[in-house]
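Each chain, letter by letter, is given below.
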Amino acid sequence: MPPVEAWQKVFIDREAYFEQDVHSYINCTTCHAGQNVDDMDAAHEGMIADPAADPEAGCGDCHPDIAPYAADSLHFTLQGYDTAIYQRSSPENHPTLEHMESYHCSACHATCGDCHVSQPNAVGGGFLEGHVFVQTPPMSRTCTACHGSRVKNEYYGLNEGYPGDVHLRQGRMACEDCHDGAQMHGIDPNIPLDEDRHLNANHRYNGDREPKCESCHEDEIGVGSGILEHEIHGTELMSCQVCHSVSYTNCKNCHVDKTEDDVPFYTVEDHWLGFFIGRNPLQNNERPYRYVTVRHVPVDINSFDKYGDNLLDQFLSRPTWEYATPHNIQRNTPQTESCDSCHGNDEFFLTPDKLAQYGLDSELGGANLDVVVEHAPPLPENADELVERIKARIEAEGGTLEGGGMEAEGAQGGEELSGDEAFWGGGEEENAPAENADESFWGGGEEENTDQSAESADDAFWGGGDEGGADNTENADDAFWGGN
Amino acid sequence: MKKHYINVRWSLLVAIGLLVLAAALSGCAADTTAPELQPRPTDENAPTPVADLVEVSDSGMEMEGTGTPEVEFTDFACLDCHTDEEQLKALAVEPEKENLSEGPG
């Protein structure tokens, strides 16, 4: 993200703002307080830099369908941090931890303006487009500016040796193509408009599983998909990422501190790229999988010792290997090479020796025991028979087994592509999706979405600021005035 | 004599007919009289006309058919400064960048 100079951060693009933005009908002092006078000090006296710091007061009058929910969303409250940290602690330590969070976590929370007017304060702030309100925030300057070290690196392919996510490489999809506005603003879209629509999630992996792969890949999942591997594994045995993601960032030993001048900082002692299949610590109806990808989070039992002793006195009440949804989805991965890639092969599984390997053997206990896998599941003795039976059923149902997966890959000449070129996607994918075997897998229902997103996402993602603004003006009135 | 009497009678009939016709036609003429205008009855519950509003909280009301709210922008002192690139450059103070953190955030 290019640096923004101090003057640029507060420079209003007069022409663009007054031509494009209905907010320009509102006086500066109405939202920002201060005074409309020539003297700078007097003008700024009592000024509110970010009126959306209180979303309901700042935005709620005109956006009553969004602001109250945004004020309670995880983006604003950061309650996910509380959930994770408090679960590792005791109630008597919560006030001290809350004090710690005021230094080290609060700066990350996002107000309405942090995405729709400016770059998030946590990454330096500064107007996105000269104070023009941007309906769809640009991905690289807002979403991945904060969600950088994991999501951004995975999705963009910035982890050395690992390609970016296929949804970006082929679909040119931006964050909002999956994470829709309702989710971003803490709204449950299934609740009618005239009722309380709070999502009421206290962590991103609590509550509904959004987004869902099957929203686009409905026909390619589970029994009836015609994809042999999907037919075999069904929809509840493991999450999609178990087969379709690659190595991602894991961290450990993060410690927070602050200078004598109260400037907070942190130190992450170690991080590495790794891929780990563990048992699902959040198994429920919404996430029924037995196996999921898990990631070691930065927390350490002494992470917050600068603020008090033994604050994480229930450290292993919550796994340090957490449910993860890596953003580096690939059709072909080392796991999909053959049945033996996973069955009977501990390499990809979070086995106890992995904890020792990464110096985390002291964490082999508590909630981590629900995640660690003793050994990779062996291939069932009747695997061949099972496969033949499923094949026969698919063919009897008129399927062709060419929808995707390893079997289809072979049928379509996948043998020639089974090496590194096929796995790493090569360079051809970006420009020739129609000719690529991936289309059969990613195709169908996704195409519509991809086509639509290609138009909208490119502007947002690739930072076509002016174009994005122009696009927005078409329906800006509806959105601004709270239509629907 | 009789002939003269007939002419007089015809003349009278024509004159009467013309009077009747004039009276009838006068009913079709525009009514130039009008009642005195009375003040329009007021409804205290009716919304205040948008043109009278200056408060932003009510600016969500649109002028019919225009698609834009009619609220006048008046904060030109703020605007003039924040659209003056040279002035902002002269006044801006670059914050001291102190990033002591290490590792992925």
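Residues numbered from 1 in each chain as written. Chains lettered and ligands numbered in written order. Predicted model: local features only at pLDDT ≥ 70, side-chain atom pairs only at ≥ 80, totals over all residues.

1. A look at the nonpolar core
All names here are of chain A.
Okay, so step 1: Ranked by internal contacts, the top residues of the largest apolar core, which has 23 residues, are Val242, Phe276, Ile277, Tyr291, Val292, Val294 and Leu350.
Okay, so step 2: Elements that contribute at least two residues to this core include exactly α16 (240–244), β4 (291–296) and β5 (321–323).
Okay, so step 3: Among all residues touching valine 242, those that are not within four sequence positions of it are Ile277, Tyr291, Val292, Thr293 and Gln335.
Okay, so step 4: One finds Ile66, Tyr69, Ala70 and Ile187 within the second-largest nonpolar core, a separate group that totals 16 residues. (Core = buried A, V, L, I, M, F, W, Y, C linked by C-beta atoms within 7 Å. Buried ≥ 20, exposed ≤ 12 C-beta atoms within 10 Å, placed from the backbone. Helix = DSSP H or I, 4+ residues; strand = E, 2+ residues; numbered from the N terminus. Contact = placed C-beta atoms within 7 Å.)

2. Examining the interface of chain A and chain B
A common way to state how big an interface is: give the accessible area lost once the parts meet.
Okay, so step 1: Taken together, the 33 residues of chain A in the interface contact 31 residues of chain B.
Okay, so step 2: Contributing elements (two or more residues each) for the side of chain A that touches chain B: α1 (6–9), α3 (28–32), α4 (40–44), β1 (248–258) and β2 (264–274) of chain A.
Okay, so step 3: With 5 residues, β2(A) is the largest single contributor of residues to the side of chain A that touches chain B.
Okay, so step 4: Looking at the side of chain A that touches chain B residue by residue, the classes come out as 19 nonpolar, 10 polar and 4 charged. (Nonpolar A, V, L, I, M, F, W, Y, C, P; charged D, E, K, R; others polar.)

3. Things to note about helix α9 (residues 94–104) of chain A
Owing to its 3.6 residues per turn, the α-helix brings residues three or four apart onto one side.
Residues and elements named next belong to chain A.
Okay, so step 1: Taken residue by residue, α9 has Leu97, Met100 and His104 as its buried positions. Within α9, the buried residues cover an arc of 55 degrees as seen down the axis, which keeps them to one side. For α9, the exposed residues lying more than 90 degrees away from the buried face are Pro95, His99 and Ser102.
Okay, so step 2: Tucked into the core, α9 has its buried residues touching α8 (79–87), β1 and β2. (Arc of directions from axis to C-beta.)

4. Observations concerning the confidence of the model for chain A
Okay, so step 1: For chain A, per-residue confidence averages 84 on the pLDDT scale, and 82% of positions sit at 70 or higher.
Okay, so step 2: Confidence drops under pLDDT 50 across residues 402–484 of chain A; counting only partners more than four residues distant or on other chains, this segment forms 122 contacts. (pLDDT = per-residue confidence, 0-100.)

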